[in-house]
Amino acid sequence: MSISPKRIFNRLRPAVIIDHGTTITKYAFCKDPLNVSQTYTLFKVPRDIVSMEHWELAENAVHAENLTVDEDIKLISPLEKKVITNAPLISKLWNIMFFNILKIAPSRRPILLLLSIRTSAYIQLELITHLFEDFDFATVGILYNELANLFATNKSTGVIVDLGDGGISIVPFYNGFVVKHAIWYLPITGFNLDEYFCKLLNEKGYSFNCKRDLSEIRKIRETYVYVTPNPDKEAKLYDTLGPKLEKIAYASKDREIKLGRERYLAGEIFFNPSLMNISSVPLDEAIIESIESCLVSTRPELYKNIILTGGLARIKGIADRIAEEIKRKKGVSDVSIITPRDPYVISITGGFMACRKREFLEYWILREEFEKNKTRVLEKIDKLSLFE
């Protein structure tokens, strides 16, 4: 006789929720979802070492960004285009997280893994196998990251636009169900934004190394860069009041940096990717194409529920600019761009909300069930939708 997930949960400790990004992994416990911690997803890899046994996790931002120019060391992420592609490397990361960082006993906890909706069935199976066989978790939950983001906004219809270091994903939902044929991925990354900002500073006369100084550049960018709703109008404003609009930032060794129009020019990479020779349609056009490939009757509601998530969603003005571009190019008057209070950790919030739903219990995977019928487990994951 099989044991129900409910009976198992009654005797387990709170679940751990994990969301892997290309450079950063976020995690929290269900009992305290506001206390979100993070570690790096990147590994330092000696160029002449093939075996993962000697690969080390990047310890900090300096490692994660500055070692990209080291001749003897390269950085590797288990994700490509925001999707896990290297399950053994993720397993190595889990070994560090569970036993060295979290210091938990997996056999006494459930784990909720947030995955991109574009993750292949093969990788999903491999990840679940590692969690059961290598770490002995009591039960495993899989929730699509984009669905968790939607869940956290208390909406069942909307377009999740996730902007992060690994690129931009666009995923429309209607009544809780994903419109799979309308999913988009754009290779415009956080690193592209930082590199373009660095390039603009160097064109102004500064001498930053756009790889070695990336950590420094990113800190300045996160504080001062914004997106303007009207670049032409902003350019004229700087032509007239340039010096009065300048901001002062400080780089290492108290070096003073005067920031002018590059503050808004950097964000233009989202709307003109060719500025960094990126082969991609602009962000606003991709959102339009995604929505326009959905049923005609659903489009008005989708345009009114465009939800920005991810670290880059925190850039000031980006929501207003997207709305203006869509109105101008598509002629849609009722466009609403929603930015949650903290778009960077919203997936963890959505995971917590799912854990509290009774309806989600049937989507947890028990070891016995997984060993008996792996195909059925994948079918169950694929049918995930919002819970009424």
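See the structure shown above.
Residues numbered from 1 in each chain as written. Predicted model: local features only at pLDDT ≥ 70, side-chain atom pairs only at ≥ 80, totals over all residues. Heavy atoms only, no water.

### Digging into the overall build of the protein
- When you go through the protein residue by residue, the secondary structure sums to 15 helices and 19 strands.
- Its C-alpha atoms give the protein a radius of gyration of 22 Å, near enough to 21 Å, the size a compact globule of 388 residues would have.
- Seen through its C-alpha atoms, the protein measures out along the principal axes to roughly 80 × 55 × 35 Å.
- Relative to its full complement of 388 residues, the protein shows a buried share of 54%.
- In the protein, of all internal contacts separated by at least 6 residues, the share reaching a separation of at least 24 is 67%.
- For the protein, the computed accessible surface area is about 18,200 Å², with 48% contributed by carbon and sulfur atoms. (Helix = DSSP H or I, 4+ residues; strand = E, 2+ residues; numbered from the N terminus. Rg over C-alpha atoms; globule rule 2.2 N^0.38 Å. Buried < 20%, exposed > 50% of the residue type's maximum accessible area, 1.4 Å probe, protein only. Contact = heavy atoms within 4.5 Å. Areas by Shrake-Rupley, 256 points an atom, 1.4 Å probe, with all protein chains shown as cover.)

### Thoughts on the pattern of salt bridges
- As enumerated under the stated definition, the model contains 20 salt bridges in all.
- When the shortest N-O distance is used, the salt bridge between K204 and E262 registers 2.9 Å. With K204 in the loop between α6 (190-203) and α7 (214-224) and E262 in helix α9 (residues 262-265), the pair connects residues that are 58 residues apart, well separated along the chain.
- For K204, a relative accessible area of 36% corresponds to the partly exposed category.
- By relative accessible area, E262 is classed as buried at 5%.
- In this structure, R261 and D239 form a salt bridge, with 2.9 Å as the shortest nitrogen-oxygen distance. Residue R261 is located in the loop between β16 (256-259) and α9, and its partner D239 is located in helix α8 (residues 231-245); the two are separated by 22 residues in the primary sequence.
- Connected through shared salt-bridge partners, E268, D284, E285, R321, E325, R328 and K329 make up one network. (Salt bridge = Lys/Arg side-chain N within 4 Å of Asp/Glu carboxyl O.)

### Here's the deal with the state of the cysteines
- A complete count under the given rule lists 1 disulfide for this structure.
- Across the disulfide, C198 is cross-linked to C210 (sulfur-sulfur distance 2.2 Å). For the disulfide bridge between C198 and C210, the dihedral angle about the S-S bond is near -90°, and by the sign convention the bridge is left-handed. Here C210 lies in the loop between α6 and α7 and C198 lies in helix α6, a separation of 12 residues in the sequence.
- Here C355 is not disulfide-linked; the sulfur of C30 is the nearest cysteine sulfur, at 3.1 Å.
- With a relative accessible area of 21%, C355 lands in the partly exposed category. (Disulfide = S-S within 2.5 Å.)

### Description of the nonpolar core
- Among the nonpolar cores identified, the biggest contains 60 residues, and I18, W94, F98, L127, I128 and F137 are the most heavily contacted of them.
- A total of 7 residues in this core trace back to one element, the largest contributor, which is helix α3 (residues 87-101).
- Aside from chain neighbours lying at most four places away, what touches L127 is I84, A87, I90, W94, L113 and L115.
- Among the nonpolar cores identified, the runner-up in size contains 50 residues, and L186, A249, F270 and A319 belong to it. (Core = buried A, V, L, I, M, F, W, Y, C linked by side-chain atoms within 4.5 Å.)

### Looking at the sheet that holds strand β9 (residues 110-115)
- The 6 strands lie next to each other as β3-β2-β1-β9-β10-β19, forming an open sheet whose pairing is mixed. Edge strands, defined here as strands with exactly one partner in the open sheet, are β3 (37-40) and β19 (365-366).
- Of the pairings in the sheet, the one linking β9 to strand β10 (residues 139-144) comprises 6 bridges and is parallel in character. Paired with P110 across the bridge in β10 is T139.
- Sheet strands touched by α3: β1 (16-20), β2 (24-29), β3 and β9. Its angle to β1, the strand with the most contacts, is close to 140°. (Pairing = 2+ DSSP bridges. Axes fitted to C-alpha atoms, helices over the stretch in contact; angles between N-to-C directions.)

That is the geometry; function is a separate question.
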